[in-house]
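Notes for the structure review
This is what each chain is made of:
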Amino acid sequence: MTRKMMTGNEAIARGAYEAGVRLGAGYPGTPSTEILENFARYPGIYAEWAPNEKVALEVAIGASLAGARALVTMKHVGVNVAADPLLTLAYTGVNGGLVLVAADDPGMHSSQNEQDTRHYARLAKVPVLEPSDSQEAKDMVGLALEIAERFDIPVILRTTTRVAHSQSFVQLGERQEAELRPYQKDVQKWLMVPAFGRLRRQSLEQRLSALKEYAETVPVNKIYPGEGKIGVITSGISFQYVRELLPGASILKLGLTYPLPEQLIRKFAASVDRLLVVEEVEPFLEEHLKQWGITCEGKAIFPAVGEFSTALLRRCLQQAGILPAAAAAGAPDLSDMPAPPVRPPVLCAGCPHRGVFYLLSKMKLLVTGDIGCYTLGGLPPLAGIDSCVCMGASIGMAHGISRVAPGLARRTVAVIGDSTFMHSGLTGLVNVVYNRGNSVVLILDNRTTAMTGHQDHPATGRTLLGQEAPAVDLEALVRALGVNHVATVDPLDLKALQQALEEALAADCPAVIIARRPCVLLRKLPPHPVAVDEEKCTGCKTCLKLGCPALSVVDKKCRVDSIACIGCNLCVQVCKFAALQAAQRGETNA
């Protein structure tokens, strides 16, 4: 059998393939995106990007109903979107096994909040598995499917950024084809009207009770005996840190973290003198133990905010007197080292969004923003966004402003990307039209889901499997929703964009502007630098307000990085002294 270095995401995709999963659906979101991208490369399966996570889960539910094993992937905030079908799916149960992979992001590396999906498992009353490395990530997909089919329940596989993106060796196996489980009409199981829902509610409690018994003996809940009197209960990536820092401690590693094995935990707790609970983010395990009357220490020692690391946990253990400072000798102490220079993320050179936010800021508009790489337009020097809450929120927020502050509304613009608009912007725009609003919506159409690595969506004309597909016509769509004031502009033409904005803001009706130009990384444009006339350049730094990484000022003169600049010519348009000379527009800049 072959061993291969794989990330956790690659391993999950492999595990789904080997376990006979026939369908995978999801919405891209770091740190989960690569799972479905890798799964789509395997033969004999079907995979798709859905418009949002709710739809993805519903597609997987349909596949499960038909008797197939199904995988659905999303990041933690996507579970919020999918929660509606998820909580009812716990009632109905499954036919073919169904696994929901939720990738949490402790430390918020690429997320607008930090949440713990284990709380959804408790809320929905569904089991959750947590891998601590890539091998477990692969194996737990198969285990999750077995649990799903044995107990008639969906299973959450919770990963975190560190597990999703770290590499470790994985033992590869062959695909085991899973035959379609026969479908039998059963309205009491699948038709969740109140009368049948009450029956399935009782069934859910029975299934959960059986799962609690199963948790006591499932191999992924394992005790690692130690020599000392310190005991640690942990799960996920935290297990790797604990094993490194406390090699002499007894460890209860929980792979199934809901429902918890109460008797196994009580037995383990009784075998040690001091019990620690090491878990990232929320005190989920700790609270369960304390509810059972088990004395333990958790968040009093370890932080409830941010991502864990060996260095952080070492300091916590030293401060708690569990690990003496001398134990760290031989390991480099990085705590006193100066912090590396901060390099904030910026929009790429030539990004079609840059001119949009430069102009919005210059016009001093109130901008309700949304989720995407364009959220970077809210940071200095562009500073062109006032808010960012969640996918699709920009349009609803702009409408709310219009209803309580009409004067402010005429200076308010909702900004949303094309993928995010397909995800959850449609309903917000329908609401504006239906409730006779007059909000201005600016759709930044760069023809991709750029932030997560250029995935396709319903308006790009291509599927996850690389097949051509009908592309949603955004202009026709918004007109069909009832928007009569629609304009399409090139966001690199600042004059045309400003005119479109002024006309939309003056209109007393819903207005949509589509700023269309493909993401600069899709085009793979060669360097095509702007030239600088140093005699005309005064070093005023107006060009730097664009925040373009290809621009700098050295010795009071503008400098253009000839490798980074692709000739978008935004800087030419903002220069007050004609010191920047336009790149020759040709095929490379179309």
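What counts, and at which threshold
Residues numbered from 1 in each chain as written. Predicted model: local features only at pLDDT ≥ 70, side-chain atom pairs only at ≥ 80, totals over all residues. Heavy atoms only, no water. Helix = DSSP H or I, 4+ residues; strand = E, 2+ residues; numbered from the N terminus. Rg over C-alpha atoms; globule rule 2.2 N^0.38 Å. Buried < 20%, exposed > 50% of the residue type's maximum accessible area, 1.4 Å probe, protein only. Contact = heavy atoms within 4.5 Å. Areas by Shrake-Rupley, 256 points an atom, 1.4 Å probe, with all protein chains shown as cover. Lys, Arg positive; Asp, Glu negative; His and termini not counted. Charge placed at Lys NZ, Arg CZ, Asp CG, Glu CD. Expected span 1.5 Å × (residues − 1). Arc of directions from axis to C-beta. Polar contact = N/O pair within 3.5 Å; in protein donor to acceptor, adjacent residues only side chain to side chain. Pairing = 2+ DSSP bridges. Axes fitted to C-alpha atoms, helices over the stretch in contact; angles between N-to-C directions. Phe/Tyr/Trp six-rings, centres within 6.5 Å; stacked < 30°, edge-to-face > 60°. Lys NZ or Arg CZ within 6 Å of the ring centre and 35° of its normal. Salt bridge = Lys/Arg side-chain N within 4 Å of Asp/Glu carboxyl O.

Describing the overall build of the protein chain
- For the protein chain, the helix and strand inventory stands at 21 helices and 22 strands.
- Its C-alpha radius of gyration of 27 Å places the protein chain within 12% of the 25 Å reference for a compact globule of 590 residues.
- Taken along its principal axes, the extent of the C-alpha atoms in the protein chain is 80 × 65 × 55 Å.
- Split into buried and exposed, the 590 residues of the protein chain put 55% on the buried side.
- In the protein chain, 75% of the contacts between residues at least 6 apart in sequence involve partners at least 24 apart.
- For the protein chain, the accessible area works out to roughly 25400 Å², and carbon and sulfur atoms hold 54% of it.
- Taking the 59 positively charged and 58 negatively charged side chains of the protein chain as two groups, their mean positions are separated by 3 Å.

Notes on helix H3 (residues 53-65)
- Compared with the 18 Å implied by 1.5 Å per residue over 13 residues, the 18 Å span of H3 between its first and last C-alpha is a close match.
- Among all positions in H3, only Glu53, Ala56, Leu57, Ala60, Ile61, Ala63 and Ser64 are buried. The buried residues of H3 all sit within an arc of 160° when viewed along its axis, so they share a single face.
- Those residues of H3 hidden inside the fold are in contact with strand S2 (23-26), strand S4 (70-75), helix H4 (76-92), strand S5 (98-104), helix H8 (187-190) and helix H17 (418-434).
- At the N-terminal end of H3, a side-chain oxygen is found 3.1 Å from the backbone nitrogen of Lys54, two or three residues along, and the residue is Asn52.
- Just downstream of H3, Gly67 is the residue with a positive phi angle, here 100°.

Observations concerning H4
- Compared with the 24 Å implied by 1.5 Å per residue over 17 residues, the 23 Å span of H4 between its first and last C-alpha is a close match.
- For H4, the set of buried residues is His76, Val77, Gly78, Val79, Ala82, Ala83, Pro85, Leu86, Leu89, Ala90 and Thr92.
- The first or second residue beyond H4 is Gly93, which carries a positive phi of 80°.

A closer look at unusual backbone geometry
- A cis amide bond links Thr30 to the next residue, Pro31, at an omega of 15°.
- Of note, Pro31 is situated in the loop between S2 and helix H2 (33-39).
- Residues other than glycine seldom take positive phi values, yet Asp555 does so here, at roughly 55°.
- Positionally, Asp555 belongs in the loop between strand S20 (551-554) and strand S21 (557-560).
- Under the relative-accessibility criterion, Asp555 is labelled exposed at 67%.

Observations regarding the environment of Ser64
- Assignment of secondary structure puts Ser64 in helix H3.
- For the pair Ser64 and Gly96, spaced 32 residues apart in the sequence, the C-alpha separation amounts to 4.4 Å.

Some details on the sheet that holds strand S18 (residues 511-516)
- Sheet architecture is open: five strands sit in the order S14-S15-S16-S18-S17, paired in parallel fashion. The open sheet terminates on both sides in strands that have one partner only, identified here as strand S14 (366-368) and strand S17 (485-489). On average, each strand axis in the sheet is inclined to that of its neighbour by 25°, with strand direction left out of account.
- In this sheet, S18 lies alongside S17 in parallel orientation, the contact comprising five bridges. Residue pairing for S18: His485 is matched across the bridge by Ala511.
- In this fold helix H19 (residues 494-506) packs onto strand S15 (412-417), strand S16 (440-445), S17 and S18, with an angle of close to 170° to the strand it touches most, S17.

Let's talk about the packing of aromatic side chains
- Inspection of every chain in the model, using the stated rule, returns five aromatic pairs.
- Judged by centre distance (4.4 Å) and plane angle (10°), the ring pair of Tyr17 and Tyr42 falls under stacked. With Tyr17 in helix H1 (residues 8-18) and Tyr42 in the loop between H2 and strand S3 (46-49), the pair connects residues that are 25 residues apart, well separated along the chain. There is no split in this pair, since Tyr17 and Tyr42 are both buried.
- Both rings, one in Tyr258 and one in Phe284, keep their centres 6.3 Å apart while their planes meet at 65°; by these two values the pair is edge-to-face. Of this pair, Tyr258 sits in strand S12 (residues 256-258) while Phe284 is found in helix H12 (residues 284-291), placing the two residues 26 residues apart along the sequence. For the pair shown, Tyr258 and Phe284 are each scored as buried.
- In this structure, Arg3 is placed above the aromatic ring of Phe169, and the distance from its NZ or CZ to the ring centre is 4.3 Å.
- Over the ring of Phe239 we find Lys253; its NZ or CZ atom is 5.4 Å from the centre of that ring.

Notes on the pattern of salt bridges
- Applying the stated criterion across every chain yields a total of 29 salt bridges.
- Glu58 serves as the salt-bridge partner of Lys54, at 2.5 Å between the closest nitrogen and oxygen. Within this pair, Lys54 and its partner Glu58 are both found in helix H3, separated by four residues, close to a single helical turn.
- Glu58 gets classed as partly exposed once you look at its relative accessible area, which sits at 33%.
- Arg559 is paired through a salt bridge with Glu534; the nearest N and O atoms lie 3.1 Å apart. Taken together, the residues Arg559 in strand S21 and Glu534 in the loop between strand S19 (531-532) and S20 connect sequence positions 25 residues apart.
- On the accessibility criterion, Glu534 (40% relative accessible area) is partly exposed.
- The network of salt bridges with common partners includes Asp104, Asp116, Arg118, Glu130, Arg158 and Glu279.

Remember, this is a structural readout, not a statement about activity or role.
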